[in-house]
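# Coordinates in review
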2 protein chains.
Amino acid sequence: MLPPSTSLGTGFSRVTIIGLGLIGSSIARAVGKYMPDVVVTGYDANPDVRATAQAIGLCGDIADSAGAAVTDADFVIFCVPVGAMGAAAAEIAADLPADAVVSDVGSCKESVAAELMAALPGAKVIPAHPVAGTENSGPEAGFATLFQNRWCIVTPPEGADSLAVERVCEFWRALGAEVEMMAPDHHDRVLAVTSHLPHLIAYTIVGTASDLEEVTRSEVIKYSAGGFRDFTRIAASDPTMWRDVFLSNKEAVLDMLQRFSEDLSALQRAIRWGKGDELFDLFTRTRAIRRSILEEGQDDARPDFGRSHDE
Amino acid sequence: MLPPSTSLGTGFSRVTIIGLGLIGSSIARAVGKYMPDVVVTGYDANPDVRATAQAIGLCGDIADSAGAAVTDADFVIFCVPVGAMGAAAAEIAADLPADAVVSDVGSCKESVAAELMAALPGAKVIPAHPVAGTENSGPEAGFATLFQNRWCIVTPPEGADSLAVERVCEFWRALGAEVEMMAPDHHDRVLAVTSHLPHLIAYTIVGTASDLEEVTRSEVIKYSAGGFRDFTRIAASDPTMWRDVFLSNKEAVLDMLQRFSEDLSALQRAIRWGKGDELFDLFTRTRAIRRSILEEGQDDARPDFGRSHDE
Ligand SMILES: NC(=O)c1ccc[n+]([C@@H]2O[C@H](COP(=O)([O-])OP(=O)(O)OC[C@H]3O[C@@H](n4cnc5c(N)ncnc54)[C@H](OP(=O)(O)O)[C@@H]3O)[C@@H](O)[C@H]2O)c1
Ligand SMILES: NC(=O)c1ccc[n+]([C@@H]2O[C@H](COP(=O)([O-])OP(=O)(O)OC[C@H]3O[C@@H](n4cnc5c(N)ncnc54)[C@H](OP(=O)(O)O)[C@@H]3O)[C@@H](O)[C@H]2O)c1
């Protein structure tokens, strides 16, 4: 049932990317690098972004409307904020070729799948989420190797066309990612803990620090190398994207937040009552997780993320 | 009143380092590199650490006892966990030369100053805290450039000998640090927010993630690139050091934790009630802090900490 393994691998020859920010522009660059025969068309609702994409020669063609971008596509990927997926899909509904495969890169999968399928009834919708990114956004922030050795989670809806699923998986493999399959709701719970909760907490602590009275903001900035600065990187991520993520994955995020708050209260209590052993035990347990992440190649083992110390 | 500016700069010619872990061994290496004329003697309570320090030629001499290490020192720096400062100081009380300057590198200053002064009555105690470190510990984790362009906060007790203060400041400048003066209690509040609270939160979230039932530990590890992995780096820091920090700086840590919890509850409420604007506003505000940290050279501006994406 699989297409013969061509130089393209995926069988897609005309790919359209809707939304040319960090992720969309990284896909455009990666396709250009790893699948040079594939024709890439881009579209973004923001005319400035389209102009930039045009100016830097991001892909073969930048269309003036979403509809025009998809008329001869065999694969369409939505790379817009999670809350904009439904509206972006509605814009192409009239022009989408019947046999095109549709996917997205949204950070939540259950709500996005529902919106794409509602806006594009009958289309072959195979949602996916590349677990890769940086704190920067926009078309100039992207790079071709963003997905190398990172995971891409594909979340096919029940009854999905298995050939379409396989082609989407091959597409991501061709971009350097390792592909894993997951049910959408399970995806949303896993990412709630590995990504959404960390972002929420980073945003909170940076907010807390900037609201203090007797510790000045300039002191917070000066002495941030003690740990705080790592949180500020995450808390510099795109506000629109993250607002949408928290609202779209509300239930799982609130559940994880509840567990986190309980654990934090327990630690607070241990500090208040001077229970050093409890603290020591937790702090020892958490080291093991770090070791596994390094073993699995999901982070940089050099101390301090390999930050340079001798500039 | 200042000593003539010699090649040594500080006027110290025999420096003793008690505790040869990450910070102590980094100081030893940095003195070797930037003040090659200064004689460095080291001591550590752990015989394995002494043997390693000896084997790697960390410094001129490794003494067999704390007392022997300080007999002819003009500067003694304690680089042991905060909770061990008092005991470590008591061990040298009988052998400390009367005019030697005593300092430390502990992450909390009020409690440490009190313990050092109690154990060494009459000694010139000038506590300090280099705001620099990595998640690794032990004598092999240190490196000479750890303090380059980082801040070192010096917290002289009231009535401190001003020449001794100036010599300690010069010592840190010679190691590449920028020196700032602060009252000990203010230091403890500033660091509670820029360092201690971030560590506490990182330890908590990594603990929360590893306790989930329906999301497996291997999933947490696999998909950690979404944000979680940055927390695991901090949560891999030394358990003894951090237990001691939280117990020694209890009051400031509990106060910051209380503020953080209130802010987190507000965000939780905003998510529950779908208040996208509130989320968006906070997430926009926190970006500014990141920008300032980069402008001040306190972090690496390359996206994702400059992690390599094309291995
Ligand atoms: N950043 C990450 O780390 C990361 C990682 C994995 C997945 N994701 C997911 O990837 C998606 C894109 O994120 P990103 O970081 O690439 O965001 P980004 O850099 O902000 O880019 C999104 C682009 O989509 C445009 N857009 C908004 N609504 C649109 C619409 N209806 N039609 C066409 N274009 C529209 C935006 O225009 P404006 O300039 O007007 O906003 C912007 O140029 C999100 O769903 C996010 O959850 C992000
Ligand atoms: N790590 C950081 O990021 C950082 C940054 C700034 C300041 N500091 C402060 O620097 C100090 C040292 O931290 P570190 O990271 O260098 O820790 P480390 O790598 O664990 O080294 C501490 C060393 O001191 C030894 N020690 C313990 N009690 C002693 C005693 N009574 N006498 C002599 N040696 C003793 C330890 O022996 P064992 O092997 O038996 O434990 C260990 O070898 C702490 O006060 C910490 O708060 C740390």
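Just so it is clear, the model here is predicted, and its values are computed rather than measured.

Basis of the calculations
Residues numbered from 1 in each chain as written. Chains lettered and ligands numbered in written order. Predicted model: local features only at pLDDT ≥ 70, side-chain atom pairs only at ≥ 80, totals over all residues. Heavy atoms only, no water. Domains from an automatic or database assignment. Buried area = accessible area lost by both parts, 1.4 Å probe. Salt bridge = Lys/Arg side-chain N within 4 Å of Asp/Glu carboxyl O. Polar contact = N/O pair within 3.5 Å; in protein donor to acceptor, adjacent residues only side chain to side chain. Helix = DSSP H or I, 4+ residues; strand = E, 2+ residues; numbered from the N terminus. Nonpolar A, V, L, I, M, F, W, Y, C, P; charged D, E, K, R; others polar. Least-squares fit on C-alpha atoms with pLDDT ≥ 70 in both. Contact = heavy atoms within 4.5 Å. Phe/Tyr/Trp six-rings, centres within 6.5 Å; stacked < 30°, edge-to-face > 60°. Buried < 20%, exposed > 50% of the residue type's maximum accessible area, 1.4 Å probe, protein only. Lys NZ or Arg CZ within 6 Å of the ring centre and 35° of its normal. Near = heavy atom within 4 Å. Areas by Shrake-Rupley, 256 points an atom, 1.4 Å probe, with all protein chains shown as cover. Pairing = 2+ DSSP bridges. Axes fitted to C-alpha atoms, helices over the stretch in contact; angles between N-to-C directions.

## Focus on the domain arrangement of chain A
You'll often see interface size given as the accessible area lost when the parts meet. Residue and element names in this part refer to chain A. Looking at the assigned domains, one finds that chain A contains domain 1 (14–182) and domain 2 (187–306). Taken over C-alpha atoms, the centre of domain 1 sits 30 Å from the centre of domain 2. Counting the surface domain 1 buries against domain 2, the share from its top three residues, S107, C108 and E135, is 35%. A salt bridge links R233 to E135, with the nearest nitrogen and oxygen atoms 2.8 Å apart. The interface formed by domain 1 and domain 2 contains eight residue pairs in polar contact (both at pLDDT 80 or more). Breaking the side of domain 1 that touches domain 2 down by element, the ones donating at least two residues are α5 (110–119) and β8 (151–154). In the side of domain 1 that touches domain 2, the residues fall into seven nonpolar, seven polar and four charged.

## Some words on the relation of the copies chain B and chain A
The operation relating the pair of chain copies consists of a rotation about an axis and a translation along that axis. Rotating chain B by 180° and translating it 0.0 Å along the rotation axis places it on chain A, where the RMSD comes to 0.0 Å. In symmetry terms, the pair is related by a two-fold rotation axis. Both copies present the same face, since 100% of the interface residues in chain B are matched by interface residues at the equivalent positions in chain A.

## Observations regarding the packing of aromatic side chains
Overall, the coordinates contain 20 aromatic pairs over all chains when judged by the stated rule. With centroids separated by 4.9 Å and ring planes inclined at 70°, the aromatic side chains of A:F231 and B:F231 adopt a geometry described as edge-to-face. Here A:F231, found in helix α9 (residues 228–234), pairs with B:F231, found in helix α9 (residues 228–234), and the two come from separate chains. Neither residue differs from the other here; A:F231 and B:F231 are each classed as buried. Taking 3.8 Å as the distance between ring centres and 15° as the angle between the ring planes, the aromatic pair formed by A:F283 and B:Y203 counts as stacked. With A:F283 in helix α12 (residues 276–295) and B:Y203 in helix α7 (residues 184–210), this pair bridges two chains. Note on accessibility: A:F283 and B:Y203 belong to one class, buried. Members of the aromatic cluster, connected to one another through ring pairs, are A:F12, A:F75, A:F147, A:F171 and A:W172. Looking at A:K222, its charged tip hangs above the ring of B:W151, at a distance of 4.5 Å from the centre.

## Considerations on the site of ligand 2
Residue and element names in this part refer to chain B. Neighbouring ligand 2 are 28 residues; L22, I23, D44, V80 and S107 lie closest to it. Take A45: an N or O atom from its main chain is 3.1 Å from a nitrogen atom of ligand 2. The separation between an oxygen atom of ligand 2 and a polar main-chain atom of G138 is 2.9 Å. For ligand 2, the accessible surface in isolation is 900 Å², of which the surrounding protein chains cover 83%. If you list the elements that add at least two residues to the shell around ligand 2, you get α1 (22–34), α4 (85–92) and β7 (128–130). A breakdown of the residues in the shell around ligand 2 according to their chemical character gives 16 nonpolar, ten polar and two charged.

## Describing the site of ligand 1
All names here are of chain A. In the vicinity of ligand 1 lie 28 residues, with L22, I23, D44, V80 and S107 positioned nearest. A distance of 2.8 Å is found between an oxygen atom of ligand 1 and a backbone nitrogen or oxygen belonging to I23. At 2.6 Å, a backbone N or O of V80 approaches an oxygen atom of ligand 1. A total of 900 Å² of accessible area belongs to ligand 1 in isolation, and the protein chains cover 83% of it. Looking at the shell around ligand 1, the elements with two or more residues in it are α1 (22–34), α4 (85–92) and β7 (128–130). Grouping the constituent residues of the shell around ligand 1 by class yields 16 nonpolar, ten polar and two charged.

## Focus: unusual backbone geometry
All names here are of chain A. Despite not being glycine, N149 shows a phi value in the positive range, around 60°. With respect to the helices and strands, N149 occurs in the loop between β7 and β8. Phi angles above zero are rare outside glycine, and D304 is one such case at about 60°. The residue D304 is located in the segment after α12 in this model. Classification of D304 as buried rests on a relative accessible area of 1%.

## A closer look at the side chain of A:H199
Structurally, A:H199 is set in helix α7 (residues 184–210). A distance of 2.9 Å separates a polar side-chain atom of A:H199 from the backbone oxygen of A:S195. When near neighbours in sequence (up to four residues on either side) are disregarded, A:H199 contacts A:I234, A:S237, A:W242, A:F246, B:G226 and B:G227.

## What about the sheet that holds strand β6 (residues 124–125) of chain A?
Residues and elements named next belong to chain A. With parallel pairing, the six strands of this open sheet are ordered in space as β3-β2-β1-β4-β5-β6. On the outer flanks of this sheet lie β3 (61–62) and β6, each paired with one strand and no other. Relative to strand β2 (residues 39–43), strand β1 (residues 14–18) is paired through five bridges, and the arrangement is parallel. What sits directly across from V15, in β2, is V40. The strands that α1 touches are β1, β2 and β4 (75–78); relative to β1, the one it contacts most, it runs at about 160°.

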